[in-house]
Every structure is written in C-alpha cells, then in structure tokens.
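Letter by letter, the chains look like this.
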Amino acid sequence: MDRKVYAERLSELVLNKGVALEKGDYLNIVVSPDAYFYGRVMAEYAYKMGAKYVNIRVSDMRLDKVRSKLQSREDLSYIPSSFTSYVEEGLKTGIKNVRIDCADERLEDIDFDQDNYQTLNQAFRKAQKELSAKYMGNEIKWCVAVAPGPVWAEKVLGKGKKEEDLADVLASILHIDTPDFLSLWDEEDRVSKKRVDYLNSLRIRKLHFKSPVTDFTVGFRKEAFYEGGSSETVKGSVFWPNLPTAEIFCTPDNSEAEGYITTTKTVNVLGTDTEKVTLTFKGGKCISVKAEKGQEVMEKYLSIDEGSSRLGEVALVDIDSPISKTGLTFGSILIDENASCHIALGQGYSSNLHIGDKDPKDYGCNESLVHTDFMVGSPDMSITALTYDGEEVKIMEDGHFLF
C-alpha cells in the first residue's frame, strides 16, 4: 500500500475510533523521526476534523542513545521548561494523545550507556507522571498505533522488502485495506465484549498459566474486571487505546503472583532486545530473572523502582488472532502483544478496578514509572481460572479460548 494512502486511512481510523477526536479538542502526536510523515498527515486530518491545536512531539531514540554516551548523569536528568509546560498544558486541556510506533529506530545498532539511558528515560517519566496516570486511569483518551518503515520491513519480511510491503501486512491487520474498516472494528468489538462478559461473569480469583516453560499463578481483587476492544473514559466516552488490538486484559493484585513464567517473543526493554526471559515471582514480586538474551538490562529494569518488579497487567489473547495467524514476529510490542498472552511489569491500570474515586493502591493496583509488556503465550499453554465461588474453569487450552 502506498504510504500516503496508509497514512490517510490510519489517520481516519485512529482519530475516529482511537481517540474519538471532537471539534475543539487538543491533540498530541508522538512519533519517531522515521514516522514523522505519518504524524504530519494525521495532524492535517485532525485539523480538518476541527481540532483546536495539534502538537507533534518527536521522540528520537537514536539521539537519546548518543546523549547517554556523551553526557553526565546530571545533564541527562535535566528537563527543559518547554516539556514541563507541555505537561501542565496537557493536564489543563485534557490533551488527547496518540503514539505512532515505527520499529526502524530500535533496529539500528547504536552503542550507548545503558545506565545513563535509563537515567534519561526516568527523568522524563517522572516529569509526566501525573499526566500518564490520567491516561492509564482512562481520564483522558489515548491511542497507540503503528506505521511501517523500510528498515523494519526488511527485518520482518526479509531482505529486499520495502516499506510498502510492510504497509500491506499492517493494513490487513488494521483492516484499512478495505473501505468499511470502521464498521469491521465495530464487529471486532462485539466479539471482544462477548469474551469480556463471560470472563467477568466468572468472578475470577486467580489464573494459573501452565506450559513446558511456565508454571505461574496470579491473583485478582474482587473489584478487578476484564476489558477488551474499545474502552470507556471515566465519563463513559468510548475510545480505543490500542489499534490493532485482540487482547482481553485485567489489572492483577500486585501482591499475588507465584511461580515462574517465560517470555515467548522478543521484547525491547530500555532500548535493548531480550529473549526467553524467565521471571520467578514470590508474594507478587519478581525475585529472580534469567534471560538467554538481555540478562543485564532485565536486572536494571527490575531495579527502576519498587513497582517495576511487580505486575500491572495480565492479558489473554487467542493464538488464532489475526496477528498470530500471520506467523510473523514484528518486534513491536503493540503488534506482538496482540498475537500472544502477555503480562506487564510496572504501572497498573486503575481503570480496570470498580473503586470509584478511591486510591487504586489500596486495591492492589501497581505503581511504577514504567510499564512493559512481555509476551508469554504459546501453542502449548493452558490457563485455568479459580473463581471466588471456589470453582475451577479452564478458559484456554493449547493457546485457544474455550469459550
């Protein structure tokens, strides 16, 4: 698919479904330098829809890695007033947020200082902590979407493949290769909501994940509920946090996780790829990690703060999801997480707890500066639910939902 056509259709999908943009809204679009074209097209589309102001913020991982090699920790902790002003303005206006992910920058082999890179990222996370909490609490609409790139195309599809080739694959996943893609997402939503309703009807107390490389149990409070497809803000307005999406997710109790669980797909953590990571939990905390690739960066991640070693999300994905059926590994968490069951270390979603305006920490919702998804699903995984009524219900076998 031509990049202009892809950009236009992605903009229509994300702005109508993703953040449900309305006339007079403020919009922030975060892009890498590789995805700037897609962000600019989306900004133009937003103005045509009546947006009051659109800000495009370029997040340059390459430059950040260069900084990590050349600057002191003190310099890396510096936050410009322009950024803090943006955060304050975002809180004031309720600015909607879109992030367009392109994996090109993650695929370049750039030498950098891991500790310094972490210092830089933490400084910016702390500066926007309050605004991020509002997004994760569904007080403000947000959406993560994806755009192709030439480097990424060769990595996923093979040497000689071009950006347009990857656009074809992504367009199919997003349904934007068909004229009625907005209504197709409505149908996807109906399927997701049926599964959500069933899981919530079970009143799940614990989930037990079992495979040859996993034996893991995670607990949930009575106030926790599952969600999938579209979401709702605290005021009841519909939006889509992820496009594409195929997950059914919930917020676990951060004090209840036992056993070990192993990743089944590559995950980029703090700018470094990790593979076959086994996380061992006790009392809700990851007490040890062993990785075939990325051992050092995983140890650093788990030490970022108290919450980075605890769970903020558990998500279920059928192995027959459209993304899984491609048989491809994309190296993008947004896409790969919708091909596999996954867990997230870090910040939890307070929006997945029926607690009103009470403090989510009192209901097991994890707090952290970070949130990273780790894919753990496989064709030989089973998942059994233990309900608050004392029943055992198998909900997944060989990677497939049983309902």
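The following refers to the structure shown. (Residues numbered from 1 in each chain as written. Predicted model: local features only at pLDDT ≥ 70, side-chain atom pairs only at ≥ 80, totals over all residues. Heavy atoms only, no water.)

A closer look at the overall build of the chain
Check the secondary structure of the chain and you find 13 helices and 20 strands. For a compact globule of 403 residues, the expected C-alpha radius of gyration is about 22 Å, and the chain comes in at 20 Å, within 12% of that figure. Seen through its principal axes, the chain has C-alpha atoms that stretch 55 × 50 × 50 Å. Here the chain holds 403 residues, and 54% of them are scored as buried. Expressed as a percentage of contacts within the chain between residues at least 6 apart in sequence, the contacts between residues at least 24 apart total 74%. In the chain, 50 side chains carry a positive charge and 66 a negative one; their mean positions are 2 Å apart. (Helix = DSSP H or I, 4+ residues; strand = E, 2+ residues; numbered from the N terminus. Rg over C-alpha atoms; globule rule 2.2 N^0.38 Å. Buried < 20%, exposed > 50% of the residue type's maximum accessible area, 1.4 Å probe, protein only. Contact = heavy atoms within 4.5 Å. Lys, Arg positive; Asp, Glu negative; His and termini not counted. Charge placed at Lys NZ, Arg CZ, Asp CG, Glu CD.)

A few points about the pattern of salt bridges
Enumeration over the complete set of coordinates arrives at 22 salt bridges. Between Lys17 and Asp186 there is a salt bridge, and its shortest N-O distance comes to 2.5 Å. With Lys17 in helix α1 (residues 3-18) and Asp186 in helix α10 (residues 181-202), this residue pair connects regions lying 169 residues apart in the sequence. (Salt bridge = Lys/Arg side-chain N within 4 Å of Asp/Glu carboxyl O.)

Side note on the packing of aromatic side chains
Tallied over the full model, the rule gives 13 aromatic pairs. For the pair Tyr198 and Phe403, a centre-to-centre distance of 4.6 Å together with 35° between the ring planes defines the contact as tilted. Separated by 205 residues along the polypeptide, Tyr198 in helix α10 and Phe403 in the segment after β20 (400-401) bring together distant segments of the chain. Arranged with centres 5.0 Å apart and planes meeting at 55°, the rings of Phe401 and Phe403 form a pair that is tilted. Three or more aromatic residues joined by ring pairs make a cluster, and in this case those are Tyr6, Phe37 and Tyr38. Here Arg3 stacks its cationic end above the ring of Phe37, 4.2 Å away from the centre of that ring. (Phe/Tyr/Trp six-rings, centres within 6.5 Å; stacked < 30°, edge-to-face > 60°. Lys NZ or Arg CZ within 6 Å of the ring centre and 35° of its normal.)

Some remarks on the pairing of strand β15 (residues 311-316)
By the criterion of burial, β15 is predominantly enclosed, with six of the six residues buried. As paired elements, strand β10 (residues 248-250) and β15 share three bridges and run antiparallel to each other. Paired with Phe249 across the bridge in β15 is Ala315. Where β15 and strand β16 (residues 342-346) come together, four bridges link them in antiparallel fashion. Its bridge partner being in β16, Glu313 is matched across the sheet by Ala344. (Pairing = 2+ DSSP bridges.)

Quick look at empty space enclosed by the protein
One way to see where empty space is left: roll a probe the size of a water molecule over the atoms. Across all of its chains, the model carries one cavity of 30 Å³ or more by this definition. Of the voids in this model, the largest cavity is the one considered here, and its volume is about 50 Å³. Lining the largest cavity are Ile173, His175, Trp185, Glu188, Pro244, Thr245, Ala246, Pro322, Ile323 and Asn338. Taken together, the residues that form the lining of the largest cavity break down as six nonpolar, three polar and one charged. (1 Å grid on protein atoms, 1.4 Å probe; cavity = no way out; pocket = protein on both sides within 12 Å on 5 of 7 lines; lining within 4 Å. Points joined across faces, edges and corners; volume = space filled by probe spheres on them. Nonpolar A, V, L, I, M, F, W, Y, C, P; charged D, E, K, R; others polar.)

What about the nonpolar core?
The biggest cluster of nonpolar side chains holds 65 residues, and the ones touching the most others in it are Tyr6, Leu27, Ile29, Ile100, Trp152 and Phe330. At seven residues, the largest contribution of residues to this core is made by helix α9 (residues 163-174). If we skip the residues at most four places from it in the chain, Trp152 touches Asp101, Cys102, Ala103, Asp104, Leu107, Val146, Ala147, Leu166, Leu170, Phe330, Ser332 and Ile335. (Core = buried A, V, L, I, M, F, W, Y, C linked by side-chain atoms within 4.5 Å.)

Re α9
Taking 1.5 Å per residue, twelve residues should reach 16 Å; α9 reaches 16 Å between its end C-alpha atoms and fits that length. Within α9, the full set of buried residues consists of Glu163, Leu166, Ala167, Val169, Leu170, Ala171, Ile173 and Leu174. The first or second residue beyond α9 is His175, which carries a positive phi of 70°. (Expected span 1.5 Å × (residues − 1).)

Describing the side chain of Thr214
Here Thr214 lies in strand β6 (residues 214-219). Ignoring anything within four residues of it in the chain, the contact list for Thr214 reads Phe209, Tyr260, Ile261, Thr262 and Met381.

What about the packing of α1 against α10?
At their nearest, the axes of α1 and α10 sit 10 Å apart, and the two run at 45° to each other. Between α1 and α10, the crossing angle belongs to the class labelled oblique. In this structure, the crossing between α1 and α10 has a hand that is right-handed. Contact with α1, carried on its side by Arg9, Glu12, Leu13, Asn16 and Lys17, involves Phe181, Leu182, Trp185 and Asp186 of α10 and no other residues of that element. For the contact of α1 with α10, the class distribution of residues is four nonpolar, one polar and four charged. (Axes fitted to C-alpha atoms, helices over the stretch in contact; angles between N-to-C directions. Parallel < 35°, antiparallel > 145°, perpendicular 65-115°, else oblique. Left-handed = near helix turned anticlockwise from the far one by under 90°.)

Observations concerning the environment of Glu258
Relative to the helices and strands, Glu258 resides in strand β11 (residues 257-262). Residue classification places Glu258 among the partly exposed residues on the basis of a relative accessible area of 38%. Along the backbone, Glu258 and Val30 are 228 residues apart, and their C-alpha atoms lie at a distance of 36 Å. What Glu258 contacts, discounting residues up to four positions off in sequence, is Asp215, Phe216, Thr217, Phe281, Lys282, Gly283 and Gly284. At 2.8 Å, the side chain of Glu258 forms a polar contact with the backbone nitrogen of Gly283. (Polar contact = N/O pair within 3.5 Å; in protein donor to acceptor, adjacent residues only side chain to side chain.)

A short note on the state of the cysteines
Within this structure, the stated rule accounts for zero disulfides. Summary of cysteine pairing: Cys286 is not part of a disulfide, and the nearest cysteine sulfur, belonging to Cys365, is at 19 Å. (Disulfide = S-S within 2.5 Å.)

Side note on the sheet that holds strand β7 (residues 227-228)
Ordered in space as β7-β10-β15-β16-β17, the five strands form an open sheet in which the pairing is antiparallel. Two strands in the sheet have a free side with no partner beyond their single neighbour: β7 and β17 (371-375). By the bridge criterion, five bridges tie β16 to β17 in an arrangement that is antiparallel. Counterpart to Ile343 in the pairing with β17 is Phe374.

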